[in-house]
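Fold and geometry: a report
Chain by chain, the residues run as shown.
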Amino acid sequence: MQNNKIEVRPVSNCVGAEITGVDLADPLTESAYSEIRQALCKWGVIFFRDQNITPEQHLSFGQKFGDLHLSKTIGKVPGHPMVAEVRKEPDQTRNIGGNWHTDHSFVEMPPLGSILVARELPETGGDTLFANMSAAYDALSEGMQKTLSGMSAVHAKKKALQASNLSAERQVSAKEMAEIGEAAEEQFVHPVVAKHPETGRKILYVNPTYTVRFDGWTERESKPLLQFLFDQAGGPENTCRFRWQKDSVVFWDNRSVWHYALNDYHGQRRLLHRVSVAGSDVRA
Ligand code: SIN
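The structure reproduced in this document is the subject of the present report. These numbers come from a predicted model, not from an experiment.

Scoring rules and cut-offs
Residues numbered from 1 in each chain as written. Predicted model: local features only at pLDDT ≥ 70, side-chain atom pairs only at ≥ 80, totals over all residues. Heavy atoms only, no water. Phe/Tyr/Trp six-rings, centres within 6.5 Å; stacked < 30°, edge-to-face > 60°. Helix = DSSP H or I, 4+ residues; strand = E, 2+ residues; numbered from the N terminus. Buried < 20%, exposed > 50% of the residue type's maximum accessible area, 1.4 Å probe, protein only. Lys NZ or Arg CZ within 6 Å of the ring centre and 35° of its normal. Pairing = 2+ DSSP bridges. Near = heavy atom within 4 Å. Polar contact = N/O pair within 3.5 Å; in protein donor to acceptor, adjacent residues only side chain to side chain. Areas by Shrake-Rupley, 256 points an atom, 1.4 Å probe, with all protein chains shown as cover. Right-handed = clockwise from strand over helix to strand, strands pointing away. Core = buried A, V, L, I, M, F, W, Y, C linked by side-chain atoms within 4.5 Å. Contact = heavy atoms within 4.5 Å. Axes fitted to C-alpha atoms, helices over the stretch in contact; angles between N-to-C directions.

**Some remarks on the packing of aromatic side chains**
Evaluated as defined, the whole model comprises 15 aromatic pairs. Look at Phe47 and Phe242: their rings are 4.4 Å apart centre to centre, the planes differ by 5°, and that puts the pair in the stacked class. Of this pair, Phe47 sits in strand S3 (residues 45–48) while Phe242 is found in strand S14 (residues 239–242), placing the two residues 195 residues apart along the sequence. Considered together, Phe47 and Phe242 belong to a single accessibility category, that of buried residues. An aromatic cluster is present here, built from Tyr33, Phe48, Phe61, Phe65 and Phe251 joined pairwise through their rings. Above the ring of Tyr265, the side-chain terminus of Lys88 is found at 4.3 Å from the ring centroid.

See the structure below:
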């Protein structure tokens, strides 16, 4: 067991903090896990550098934060069915997560968060952006906050796969769509204003990738207000940008931040391993 002296250094005023003083290859003290959890809840995403960890150590770290969550659609690391591969090969033009989103917001209980380990990186590019959805909520006027409270929104997996919502390089072929099959039909209605179960902070809980419309409203009626909220939340002051290095580890709180994997490194391989922690209820 390490005698950890953890330091938490915010990378912006609103979202993201770098954590030093821990080696994730070894078990940490219970108080170190608790400090990490607090930093995650406070800053929305935490970054660790130079963590040379195996898939087993990656899984053990994830399990300290809850049961693990398995994505149905994404490939797995051979021999490790609970470790997903976020992979883009040099000949691929699509990436995984190339738009602002909350992972799996189309299910009843989206994951609490995900922990990514960088295995292979492009020489340049492939950064990941994060946006704080509690700060986005706080920045709304009282009138808008009142209007949104009590509203719900429909989140559908299919929205992410519709050609009209993708840039040309992210088209999903009919074959791929058929392979995804029933998984593409998943959808769920969540409150627009959620509550963080650990901090109690309110969260603006809509995202451009999966939120289709407000419940009881048509898509056309919903579009202008949704677009306003997306623009507000994705504004630069509400975000941070992480530049990966080999052995970087990133852990985001999927309840309160969006993330966006930049797709700006065509012709190069990028491979991250992802372990996700199962969800907790964010209903206010
Ligand atoms: C994801 O959305 O899980 C991918 C994040 C990344 O590749 O940076």
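More follows now that the structure is in view.
**Considering the pairing of strand S9 (residues 152–156)**
Within S9, 4 of the 5 residues are buried, which leaves it mostly tucked inside the rest of the structure. Direction of pairing for S9 relative to strand S10 (residues 187–191): antiparallel, over a ladder of 5 bridges. Following the sheet pairing, Ser152 is matched in S10 by Pro191. Of the pairings in the sheet, the one linking S9 to strand S13 (residues 211–214) comprises 3 bridges and is antiparallel in character.

**Examining the site of the ligand**
In the vicinity of the ligand, the residues found are Val86, Ile96, Gly97, His101, Leu116, Thr128, Trp252, His259, Ala261, Arg270, Leu272 and Arg274. At 3.1 Å, a side-chain N or O of His101 approaches an oxygen atom of the ligand. Taking His259, its side chain carries an N or O atom lying 3.0 Å from an oxygen atom of the ligand. In the complex, 100% of the free accessible area of the ligand, which totals 260 Å², lies under the protein chains. Counting only elements with at least two residues in the shell around the ligand, the list comes to strand S16 (257–261) and strand S17 (270–277). Looking at the shell around the ligand element by element, the count peaks at 3 residues for S17.

**Focus: the pairing of strand S2 (residues 17–20)**
Burial of S2 is one-sided: the residues Ala17 and Ile19 facing one way are buried, the residues Glu18 and Thr20 facing the other way are not. Taken together, strand S1 (residues 7–10) and the strand that follows it, S2, pair antiparallel across an intervening segment of 6 residues, in which Gly16 is found at a positive phi of about 95°. Pairing between S2 and S3: 2 bridges, direction parallel. Bridging across to S3, Glu18 finds its partner in Phe47. In this view, the connection linking S2 to its parallel neighbour S3 by way of helix H1 (residues 30–43) has right-handed handedness.

**Here's the deal with the nonpolar core**
Counting residues in hydrophobic clusters, the biggest one holds 27 residues, and the most contacted among them are Leu148, Val192, Leu204, Val206, Phe214 and Leu229. Looking at this core, the elements that each hand over two or more residues are strand S8 (128–132), helix H3 (133–138), helix H4 (142–148), strand S11 (193–195), strand S12 (202–204) and helix H6 (219–233). Here the element with the most residues in this core is H6; it accounts for 5 residues. Leaving out residues up to four positions away in the same chain, Val206 has contacts with Met133, Ala153, His155, Val192, Thr211, Leu226, Leu229, Phe230 and Trp258. One finds Leu24, Val249, Phe251 and Val277 within the second-largest nonpolar core, a separate group that totals 21 residues.

**Some remarks on the sheet that holds S8**
Pairing is antiparallel in the open sheet, where 3 strands are placed in the order S14-S8-S16. Sheet topology places S14 and S16 at the edges, where each strand pairs with a single neighbour. When strand polarity is set aside, the average angle formed by the axes of neighbouring strands in this sheet is 20°. In the sheet, S8 pairs with S16 via 5 bridges, with the strands oriented antiparallel. Directly across from Ala131, in S16, lies its bridge partner Trp258.

Any functional reading would require information beyond the geometric quantities listed.
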